[in-house]
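Okay, here's what each chain looks like letter by letter:
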Amino acid sequence: MDFEFIARHAGQFVQAAGLTLNLAFWGILLSLLIGLMCSLLIYFRVRVFSRVAKIYIELSRNTPLLIQLFFLFYGLPKIGVMISAQACAVIGLSFLGGSYMAESFRSGFEAVGKTQLEAGMSIGLTRRQLTRYIILPQAFSVSIPSLTANAIFLLKETSIFSAIALADLMFVAKDLIGMYYKTFEALSMLVASYLIILLPLSILLRWVERRVRYAEFGHTSAV
Amino acid sequence: MQSSGIQVLFEGANLSRLLGGLWVTLQIALISIAISAVLGVLFGIVMTSKSRVVRAVCRIYLEAVRIIPILVWLFIFYFGVTKALNIHLSGMFVSVLVFSLWGTAEMGDIVRGAVQSLPLHQREAGRAIGLTELQVYRYIIIPQAVRRLLPAAINLATRMIKTTSLVVIIGVVEVVKVGQQIIESNILNFPTASLWVYGLIFLLYFIICYPISLFSKRLETRWQS
């Protein structure tokens, strides 16, 4: 193991990790928004839009991110739609993630008991209030475990971005292997980078999960 | 003529070549799914072991597979292991190996969840009527656990099929690679080829995965009642 080599190129990995995290952050944020919107449309059976949301979810869940990215990055420019690699990455990631988040929110909504809704209606809440004060808080605490799992999943999916020429962690590692033939050093740094990003995050999210589940209806009696 | 780029798909043997590439992808997926199904069940049962050490070792394996992206695992085996052992492994072999390792871990976790969700008295009742440990699994645990794990296992299968699209990055000539070849060789006649080729591949994946996930959803709703 050539530690001097590692020290010399560590900066590249830090930079790449920054790019990965930046793109993942926007991708995950947009995924959450898309997912919440879609799941609300479906939950309230909004005409036409709930259909569109369902079709979108099936399309996005049953196709690989790599193909989605290739279509956005190499296909669309041919009909005049030019999107930068970074924008492609964020669009692709949120296109994929939106459906996963929607499914997580949906299972949360379904877990809110019917009696809860009826109680809310009987004290005269409007539909918006019902959503804001009764449905979302309870649904959210049920969805949290799978939402956080999705976030980690999406963060890992960013490793594909190198395929559309973004200088992410994979890209740097491949570059170093190709240029200097320092396979072990490059791969070790690659694995270390992902561990440094993902390990603390998964521990943090597990902690958040425990905290938020506390709000769940019936939590106190279950323990 | 470049008015209708979609024609590139029907030019010469392009369509059959793409489908041939898809078959390579599917082969990798099917072999890995078969291996994962068998090893995953065994791994899942091992994970329910009483021994703390065994459980910890299983847990480390599962978490290690989970926390590192699959693409990184493909790189580790394709570039790292081959260099360390000074051997040559084909991209195809590495793909099947990595997908099986991943599938076994995930499948094992699904099996573990299903087995542990069965009430303890089922196992005890089996023992009480004098079944051997093997018979308890054969007649009591497995039939009941299968119902609980099948929807999740089918979901895993679609995830694996989708993820096989990554193998193009370690040089396996599958559907995406064939698509790239077609795009490049038709760049003069059909400048818009990439739109249609990637569009078609997108659709092909959907056509394969959608029925499977529909099936899993149906099983889930049917068995819930």
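Keep in mind that what you see is a predicted model, and the values were worked out from it rather than measured.

**Notes on the overall build of chain B**
Then step 1. Across its full length, chain B carries eight helices and zero strands.
Then step 2. Going residue by residue from the N terminus, the α and β elements of chain B occur as α-α-α-α-α-α-α-α.
Then step 3. On C-alpha atoms alone, chain B measures out to a radius of gyration of 22 Å, which is more than a quarter above the 17 Å that the 2.2 N^0.38 rule sets for 225 residues.
Then step 4. The principal-axis extent of the C-alpha atoms belonging to chain B is close to 80 × 50 × 25 Å.
Then step 5. Considering chain B as a whole, with its 225 residues, one finds that 48% of them fall into the buried category.
Then step 6. Put simply, of all contacts in chain B between residues at least 6 apart along the chain, 76% involve residues at least 24 apart.
Then step 7. Each charge class in chain B can be summarised by its mean position, and for the 19 positive and 9 negative side chains these summaries are 7 Å apart.

**Details of the UniProt feature "transmembrane region" (unreviewed entry) in chain B**
Residues and elements named next belong to chain B.
Then step 1. Per the UniProt record, "transmembrane region" (unreviewed entry) is annotated on residues 20–48, 60–81, 87–105, 164–183 and 195–215.
Then step 2. The span residues 60–81 is 91% helical and 0% strand by assignment, and the distance between its end C-alpha atoms comes to 20 Å.
Then step 3. Helix makes up 79% of residues 87–105 and strand 0%. Its end C-alpha atoms lie 26 Å apart.

**Overview of the UniProt feature "transmembrane region" (unreviewed entry) in chain A**
Residue and element names in this part refer to chain A.
Then step 1. If you check UniProt for "transmembrane region" (unreviewed entry), the listed places come out as residues 23–44, 65–96, 133–153 and 187–208 in our numbering.
Then step 2. End C-alpha to end C-alpha, residues 65–96 measures 7 Å, and it is 72% helix and 0% strand.
Then step 3. Within the segment residues 187–208, helix and strand shares are 100% and 0% respectively, and the terminal C-alpha atoms sit 31 Å apart.

**Description of a nonpolar patch on the surface**
Then step 1. A cluster of nonpolar side chains, contributed by I6, F10, L15, L19 and W196 of chain B, occupies part of the molecular surface with about 440 Å² of accessible area.
Then step 2. Inspection of the secondary structure assignment puts W196 of chain B in helix α8 (residues 193–224).

**Things to note about unusual backbone geometry**
Residue and element names in this part refer to chain A.
Then step 1. Positive phi is not limited to glycine here, since A165 has a value of about 65 degrees.
Then step 2. Positionally, A165 belongs in the loop between α6 (127–157) and α7 (169–180).
Then step 3. Judged by relative accessible area, which is 52%, A165 ranks as exposed.
Then step 4. If you check the backbone angles, Y181 has positive phi at about 60 degrees while not being a glycine.
Then step 5. Relative to the assigned elements, Y181 resides in the loop between α7 and α8 (183–212).

**Notes on α7 of chain A**
Residue and element names in this part refer to chain A.
Then step 1. With twelve residues, α7 ought to run about 16 Å at 1.5 Å a step, and its terminal C-alpha atoms sit 16 Å apart, in line with that.
Then step 2. Among the residues of α7, those classed as buried are L169, M170, V172, A173, L176 and I177. Down the axis of α7, the buried set is contained in an arc of 170 degrees. They therefore lie on one face. Pointing more than 90 degrees away from the buried face of α7 are the exposed residues G178 and M179.

**Considering the layout of surface pockets**
All names here are of chain A.
Then step 1. Put simply, the second largest pocket is a space of about 580 Å³.
Then step 2. Around the second largest pocket, the lining comprises 21 residues; the ones closest to its centre are I42, Y43, F44, R45 and E110.
Then step 3. Listed by contribution, the elements that provide at least two residues to the lining of the second largest pocket are α1 (3–43), α2 (49–61), α4 (85–111), α5 (114–122) and α6.
Then step 4. Split into classes, the residues belonging to the lining of the second largest pocket amount to ten nonpolar, three polar and eight charged.

**Comments concerning the UniProt feature "domain: ABC transmembrane type-1" (unreviewed entry) in chain B**
Then step 1. Under the feature "domain: ABC transmembrane type-1" (unreviewed entry), the UniProt entry names residues 22–216 of chain B.
Then step 2. With 82% helix and 0% strand, the stretch residues 22–216 of chain B has end C-alpha atoms that lie 23 Å from each other.

What counts, and where the lines are drawn
- Residues numbered from 1 in each chain as written.
- Chains lettered and ligands numbered in written order.
- Predicted model: local features only at pLDDT ≥ 70, side-chain atom pairs only at ≥ 80, totals over all residues.
- Heavy atoms only, no water.
- Helix = DSSP H or I, 4+ residues; strand = E, 2+ residues; numbered from the N terminus.
- Rg over C-alpha atoms; globule rule 2.2 N^0.38 Å.
- Buried < 20%, exposed > 50% of the residue type's maximum accessible area, 1.4 Å probe, protein only.
- Contact = heavy atoms within 4.5 Å.
- Lys, Arg positive; Asp, Glu negative; His and termini not counted.
- Charge placed at Lys NZ, Arg CZ, Asp CG, Glu CD.
- UniProt positions renumbered as here; feature names shortened; annotations may be inferred.
- Patch = residues over 30% accessible without salt bridge, like charges linked within 9 Å, V, L, I, M, F, W, Y side chains within 5 Å.
- Areas by Shrake-Rupley, 256 points an atom, 1.4 Å probe, with all protein chains shown as cover.
- Salt bridge = Lys/Arg side-chain N within 4 Å of Asp/Glu carboxyl O.
- Expected span 1.5 Å × (residues − 1).
- Arc of directions from axis to C-beta.
- 1 Å grid on protein atoms, 1.4 Å probe; cavity = no way out; pocket = protein on both sides within 12 Å on 5 of 7 lines; lining within 4 Å.
- Points joined across faces, edges and corners; volume = space filled by probe spheres on them.
- Nonpolar A, V, L, I, M, F, W, Y, C, P; charged D, E, K, R; others polar.

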